[in-house]
Each structure stands twice: as structure tokens, then as C-alpha cells.
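# Coordinates in review
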Amino acid sequence: MDYQDLLDVVHQEVRPHIGKGRVADYIPALARVPAERFGLCLHLLDGREYGVGDVDEAFSIQSVSKVFALVLALGALGEQIWQRVGREPSGNPFNSLVQLEYEHGIPRNPFINAGALVITDWLLGLHADPSAELVAWLRRESASARVAIDAEVAASERAHGDRNAALAHFMKSCGNLQAPVERVLQTYFDHCAIRMSCRELARAGALLANHGRSPITGESWLTRSQAKQIAALMLTCGTYDAAGDFAFRVGLPGKSGVGGGILAVIPQRMSLCVWSPGLDPRGNSLAGVEALERFTTLSGISIF
Ligand code: GLN
């Protein structure tokens, strides 16, 4: 199969959807991103890369960072992290508060905001500066020195972060955060504000398709079983309250962010990243989901 031809067809077919949907506007720095952008990049485990569109343009990775934070926390701390965060889809919006009270401050999964705040708290117990640690890790794993935190986006997240602050304070009141709430929030906002391109994200995610071992650096960050666990969580929880629809349409583990990026993996074959800033009502890239659906349909490759 010629992946480049396939990507060109996907790009052509998805064109009517590019620019549709709503660009995230909860902070001004994201509202300015042009809606017409689109990129799709594949990173095969043998090192081959294929791309179409704006594959090298950096964007705000937002909740895609939640996968990498989980890789670092699970890889370093193992099973114990599950004492403080669950593994069930929430069926609710990513920043929802409702389930936390019923579940005594234990978030449903690590890919909604509350769960990512708990993972951030675990990382604060491991590293003096988890954001610097994560950025350095992403630079190595994407073989790109330009990966960085966008200071304007991070400041804006903080200025408009009341909902996340509510989640964090509630969990603190339940005893499910160790570090000071302000530290947890600032670190979480920094992670959301990291800028990367489709190519860089596809590379950094390749370990998830390779049983936890990075094909870029050769280092093992997860056991085979942990890589399976994270991919399973991406499938069931990676696109919030649209995870069922995403699994139905795309058939791959994926993790989205409100910057319009989606990282997906095809175990033992490749990682892929799509970006287009227009979002559907659940906060997933509208053209991005379309493109991934077409990719798996036309290629016949999915996990099913
Ligand atoms: N910064 C966003 C928030 O915390 C990230 C959400 C997302 O990408 N779904 O609300």
C-alpha cells in the first residue's frame, strides 16, 4: 500500500470539512488560530514518515498532553496510580464536575481534566519541575528541540481556569491531591500549553504502538502491559463523551485536545497525528475525526 497516495485521497475527501466546526475560544490565544489548517502525519515503526497538509506547523496540544503525562506517571510509579484515578469512560464533558462528588473525589479516568490533575499531582511527587521534565522528554521523543510551552497560552489558561480550579479544590477537599492546588493547576496548564506539530506528536506517540519502547530513542518507558493499558484507555476515554462514537467511526485508540489535535495509534504498525482546529460540540477536531475515519476505512486497517 502506498501511504502517500492514501493520505492524498484522505486530504481530498476531507476538504469540505476543513474549517467547519468551532475553534476553541475559551482563551483568546486559541481563538486566533486559523480554522482552515489541516495536517495528517504517519510515523511507521520502521521510521518511515508520511504527511499531508500542515504537518510541521506547531499547535497547542492541550489534552493530548494527558497521554504523555500518563506515560511518565505510569512508567515511573506503576499500579499504585490507580488508587487515585479510575479507568472508566465518563460519558460526560471533559471538564465536568458532577461525577466527582459521587465518587469521593476519585476521577473516572486520567484523560478528563480531573483525572489529569491527579496524574499531574503524582508527577509533582516525582519531579521538582514536571513541566520541564515533560518538555525535555517530548523533545527527545520527537527528535525536535523546538517543543516548548507557549507562555501566553499557559497564562491565559490560568486566567480562565476557574473550572479546573474548582475540580482541583474539590479533589483536595477529598484528600486526593497532595501538592498545593496552585502548583497542580499551574503544572497542568503548562502541559496543556505545550506546542508541537503533527509530525512531532506522531513520533512522541510511537512508543504506544511499539509495546512501550520508543522507536525514536530505543528506550522503554512502559511495560508491554502498560502500553496496552494506555491504548485501551485512549480507545474508551480518549475523546471524552464521544469515545463510543470515535471507536465506532475510527476504530483506533486516540487522544484529542481542544487545540484540534488527535493522536492515534495502530499497535505494532504506526502512530498518527491529525490536526485541524475546528471542533465538534464535544471538543474533538471535526475534520480530524473525519480524516481518521476515512484513513481506517480506505486502508482497511484498524484494531478491529
Ligand atoms: N486546557 C483545556 C482545559 O483544561 C484542555 C481541555 C482539552 O483539550 N479537552 O479545559
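Everything numeric in this text was worked out from a predicted model, so none of it was measured.

## Side note on the nonpolar core
Counting 98 residues, the largest nonpolar core has Ile230 and Cys273 as the members making the most contacts within it. Excluding its chain neighbours within four sequence positions, the residues that come into contact with Cys273 are Cys41, Cys198, Leu201, Ala202, Gly205, Gly261, Ile262 and Leu263.

## Things to note about the sheet that holds strand β3 (residues 49–53)
Paired through backbone hydrogen bonds, the strands of a sheet run either parallel or antiparallel to each other. Strand order in the open sheet formed by five strands is β3-β2-β9-β8-β7, and the pairing between neighbours is antiparallel. The sheet is open, and its two borders are formed by β3 and β7 (254–256), each paired with just one other strand. When the angles between neighbouring strand axes are averaged without regard to direction, this sheet yields 10 degrees. Note that strand β2 (residues 39–44) and strand β9 (residues 270–275) share six bridges and pair antiparallel. Residue Cys41 lies in a different strand from β9, and its bridge partner there is Cys273. Together, β2, β7, β8 (261–266) and β9 form the strand contacts of helix α14 (residues 286–299), whose direction differs from that of β9 by roughly 145 degrees.

## Points about the environment of His211
Structurally, His211 is set in the loop between α11 (206–209) and α12 (224–237). His211 gets classed as partly exposed once you count the C-beta atoms within 10 Å, which come to 16. Spatially, the C-alpha atoms of His211 and His17 are 34 Å apart, while their sequence positions differ by 194 residues.

## With respect to α12
With 14 residues, α12 extends 20 Å from end C-alpha to end C-alpha; this agrees with the ideal 20 Å at 1.5 Å per step. Every buried residue of α12 is listed here: Gln226, Ala227, Ile230, Ala231, Leu233, Met234, Leu235 and Cys237.

## Things to note about the sheet that holds strand β5 (residues 148–149)
Spatially, β4-β6-β5 is the arrangement adopted by the three strands of the open sheet, whose pairing is antiparallel. The open sheet has two free edges, formed respectively by β4 (59–60) and β5, since each of these has just one partner strand. Sheet analysis places β5 next to strand β6 (residues 194–196), joined by two bridges and oriented antiparallel. Residue Ala148 lies in a different strand from β6, and its bridge partner there is Arg195.

## Brief notes about the site of the ligand
By nearness alone, every residue bordering the ligand is listed as Gln62, Ser63, Phe94, Asn95, Asn113, Glu157, Asn164, Cys192, Gly257, Val258 and Gly283. By residue class, the composition of the shell around the ligand is three nonpolar, seven polar and one charged.

Conventions and cut-offs
Residues numbered from 1 in each chain as written. Predicted model: local features only at pLDDT ≥ 70, side-chain atom pairs only at ≥ 80, totals over all residues. Core = buried A, V, L, I, M, F, W, Y, C linked by C-beta atoms within 7 Å. Buried ≥ 20, exposed ≤ 12 C-beta atoms within 10 Å, placed from the backbone. Contact = placed C-beta atoms within 7 Å. Pairing = 2+ DSSP bridges. Helix = DSSP H or I, 4+ residues; strand = E, 2+ residues; numbered from the N terminus. Axes fitted to C-alpha atoms, helices over the stretch in contact; angles between N-to-C directions. Expected span 1.5 Å × (residues − 1). Near = placed C-beta within 6 Å. Nonpolar A, V, L, I, M, F, W, Y, C, P; charged D, E, K, R; others polar.

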